Amino acid sequence: MRGAVLVAIAASIGNFLQGWDNATIAAAIVYIKADLVLASTVEGLIVAMSLIGATVITTCSGAISDWIGRRPMLILSSLLYFISGLVMLWSPNVYVLLLARLLDGFGIGLAVTLVPIYISETAPSEIRGLLNTLPQFLGSGGMFLSYCMIFGMSLESNPSWKVMLGVLSIPSVLYFLLTVFFLPESPRWLVSKGKMIEAKKVLQQLRGREDVSGEMALLVEGLGLGGETSIEEYIIGPADELGDEHELQDDKDRIKLYGPEQGLSWVARPVKGGQSSLSLVSRQGSLSNQGMPLMDPMVTLFGSVHEKLPETGSMRSMLFPNFGSMFSMADPHPKPEEEKWDEESQREGEGEAYRSDGGEGDSDDNLHSPLISRQTTSLEKEMEAPLPPASHGSILSMRRHSSLMQGGDAGAMGIGGGWQLAWKWSEREGEDGKKEGGFKRIYLHEEGFPGSRHGSVVSIPGGPEAAADEDYVQAAALVSQPALYSKELMDQRAVGPAMVHPSQTASKGPIWAALLEPGVKHALFVGIGIQILQQFSGINGVLYYTPQILEEAGVEVLLSSLGLGTNSASFLISAFTTLLMLPCIGMGMKLMDTLGRRTLLLTTIPILIFTLVILVLFELVTISSVVNAVICTICVVVYFCCFVTAYGPIPNILCSEIFPTRVRGLCIAICALVYWICDIIVTYTLPVMLTSIGLAGIFGIYAVVCVISWIFVFLKVPETKGMPLEVITEFFSVGARQMSSRKLV
């Protein structure tokens, strides 16, 4: 995973520059005000201009990134940082400075919006939370280094605010070079535009292996939006053990499953009335949900997966290492002239073969499986033929297939979080008596342990003796129509794998209409809600209050006695405060993919509430100035540490995970726009609230908001750790439909 980690670090430099700029302008405004003799209104406008710029650029950044890609927008962000730094270094008057701050805000808005998207789309699901906490870590690191620089410059007799602000151009050059020469385009965006060869090469670089066929197929399926999804349960075994000795009672009980990797296909038996956690939650809800009508069904669906994670597999699925290629049964050795898949093939017309634009050496052999062929292949004949009879206990036996449990090539270990992508063929008779068929996409997740019968009600061929010494896999399944199945071909009753090219599918339908999909609306509600509550939970107020309580605690007096001026002492205190954040964010990075996002929020928000309540009490009651200052200082430090561990980074992480690929940029831009608007409201109402209700009233409001935040997280925010992005969006779709059906009842 080294490639994905390095890419995430490089992309997060945009947030490093944001943190650097925030700290620099907070310190430099002291010298700007004295040099340019500014009124308080203009002073506030200089600080606010970057917020205004970030808000304005966010309104269009998401839609543009969905159109032209994530990487070009990150390159533009680095250029804006660089240009704004040069203009601030030159600034002959306040008007030029305001223009430079506006350009700087554009760069900040692009980085804050797009870096989480980019990291989520390139990171493996196992460490996605850790990597998406890097922007918070590097942002705080940028603030610390900036305060250290400002402190050093403040010791001079005549510090230059132009140099303070202009230094931003130096690290922005590094950011520009990395975005141009190192960062690849997001593979998910490339797939959405039909650039399959390029997407495959990027994935191979990011994952450090050649076989990425499974993840490529997953990215293609992620283009789907809406559709009906059913939750089923299967008992799964290897298909090649089917023999002629003991035929199963009913062939209809058996289905073949085909995976994205070349290899064996598998046989599954549906479990009617299954007892898997997903099936139970889908039918009747969890026990906790029955007593809480406000609990979102989606939360219990996600929770049922994490409660049943197998003990033997950690984050990677070890159950399906070679699940089989869907088309390997049809033609395991494709000919050079066989149909290939790339966007250039659209120019050749529907009836011609799909060919690669990368030459023969770049042909996508692993992508000829379940996705594109409009022509009938020999697979149709295989599907129409009856399945061969089974040998004694065949569909459950795994003892002779140790690779099933031990895994093999890293590229064949599922799609992350214990999930595996597969397809099945389904048929029905049309009005004219002819068979109609198509593939169904299946996301499989292990339920129970190998060799166990956890929740299984299936009868095992061979009786109890066979069951006692045979291993098998029990899996819950999310079953829906593939993303690229052509509805037009279905209407024509085409038999066979009738799939269309992703670039053709991606261009269909206005993107704004996708926001009306139930799953997307549900995700937007969660994303917007948590962004609003985070901004009103008190971080800006506590930051504003910190210098005051540290002064009351005598820290500034102590530093002044060491020969430091008032400004220098203030900068040193700010540097120390941001330094405290770094180990706490590091701890959050470590826990993000183990404890999970939801658990971290539910654990840390009560601590935020407690510290805010203590601050209110000691604002109202004075024991002694020293005691009050010490206790308030401790509360502020604890608040900072807990906030940056969880509530600081998690809203952006969640927003980058819960939206479908085709509208991810647009939806995150909406959430980011809400974030910036709330940031402006909180920042500029704080002085008014101070004069009207005082600090005690402000911290009381923040404590109430934190209580509401905890309730919102408990009822509405699911646990997404370790899950592929495509599975997360599928769960949101299922949860939204369940909520709608519950309202109808």
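What you are looking at is a predicted structure, and each value in this text was computed from that prediction instead of being measured.

A. The overall build of the protein, seen in detail. On a plain count of helices and strands, the protein comes out with 30 helices and six strands. A fraction of 83% describes how many contacts in the protein between residues 6 or more apart in sequence connect residues 24 or more apart. A total accessible area of about 29,100 Å² is found for the protein, and carbon and sulfur atoms account for 62% of it.

B. Here's a closer look at the packing of helix α2 (residues 13–36) against helix α7 (residues 134–154). Remark: α2 packs on α7, axes separated minimally by 7 Å, with the N-to-C direction vectors making an angle of 35°. In this structure, α2 meets α7 at a crossing whose hand is right-handed. Facing α2, whose interface residues are I13, N15, F16, G19, W20, A23, T24, A26, A27 and Y31, α7 presents P135, L138, G139, G141, G142, M143, L145, S146, Y147, M149, I150 and S154. Here the contact of α2 with α7 is composed, by residue class, of 14 nonpolar, eight polar and no charged.

C. View of the packing of α2 against helix α5 (residues 94–122). At a minimum axis distance of 10 Å, the contact between α2 and α5 shows a crossing angle of 160°. If you check the angle between α2 and α5, you find them roughly antiparallel. Seen along the crossing, α2 lies across α5 with a hand that is left-handed. Contact residues: G14, N15, Q18, D21, N22, I25, I32 and L36 in α2; V94, L97, R101, D104, I108, A111, V112 and V115 in α5. Of the residues in the contact of α2 with α5, the class split is nine nonpolar, four polar and three charged.

D. Broad picture of a nonpolar patch on the surface. Residues I607, V626, V630, I634 and V638 make up a contiguous nonpolar surface patch of about 390 Å² in total accessible area. Here the element with the most residues in the nonpolar patch is helix α26 (residues 625–647); it accounts for four residues. Of note, I607 is situated in helix α25 (residues 597–620). Overall, I607 belongs to the partly exposed group, its relative accessible area being 33%.

E. Layout of the packing of aromatic side chains. With the rule as written, the count across this model stands at 11 aromatic pairs. On the numbers, 6.1 Å between centres and 40° between planes, the contact of F16 with W20 is tilted. Note that F16 and W20 are positioned in helix α2 at a spacing of four residues, about one turn of the helix. By the ring-pair criterion, three or more aromatic residues cluster together here, those being F302, W419, F731 and F732.

F. Inspection of the side chain of S568 at higher detail. Here S568 shows up in helix α24 (residues 566–592). Of note is the side chain of S568, whose polar atom sits 2.8 Å from the side chain of S154. With residues near it in sequence (within four places) discarded, S568 still touches F151, S154 and L155.

Cut-off values and rules
- Residues numbered from 1 in each chain as written.
- Predicted model: local features only at pLDDT ≥ 70, side-chain atom pairs only at ≥ 80, totals over all residues.
- Heavy atoms only, no water.
- Helix = DSSP H or I, 4+ residues; strand = E, 2+ residues; numbered from the N terminus.
- Contact = heavy atoms within 4.5 Å.
- Areas by Shrake-Rupley, 256 points an atom, 1.4 Å probe, with all protein chains shown as cover.
- Axes fitted to C-alpha atoms, helices over the stretch in contact; angles between N-to-C directions.
- Left-handed = near helix turned anticlockwise from the far one by under 90°.
- Nonpolar A, V, L, I, M, F, W, Y, C, P; charged D, E, K, R; others polar.
- Parallel < 35°, antiparallel > 145°, perpendicular 65-115°, else oblique.
- Patch = residues over 30% accessible without salt bridge, like charges linked within 9 Å, V, L, I, M, F, W, Y side chains within 5 Å.
- Salt bridge = Lys/Arg side-chain N within 4 Å of Asp/Glu carboxyl O.
- Buried < 20%, exposed > 50% of the residue type's maximum accessible area, 1.4 Å probe, protein only.
- Phe/Tyr/Trp six-rings, centres within 6.5 Å; stacked < 30°, edge-to-face > 60°.
- Polar contact = N/O pair within 3.5 Å; in protein donor to acceptor, adjacent residues only side chain to side chain.

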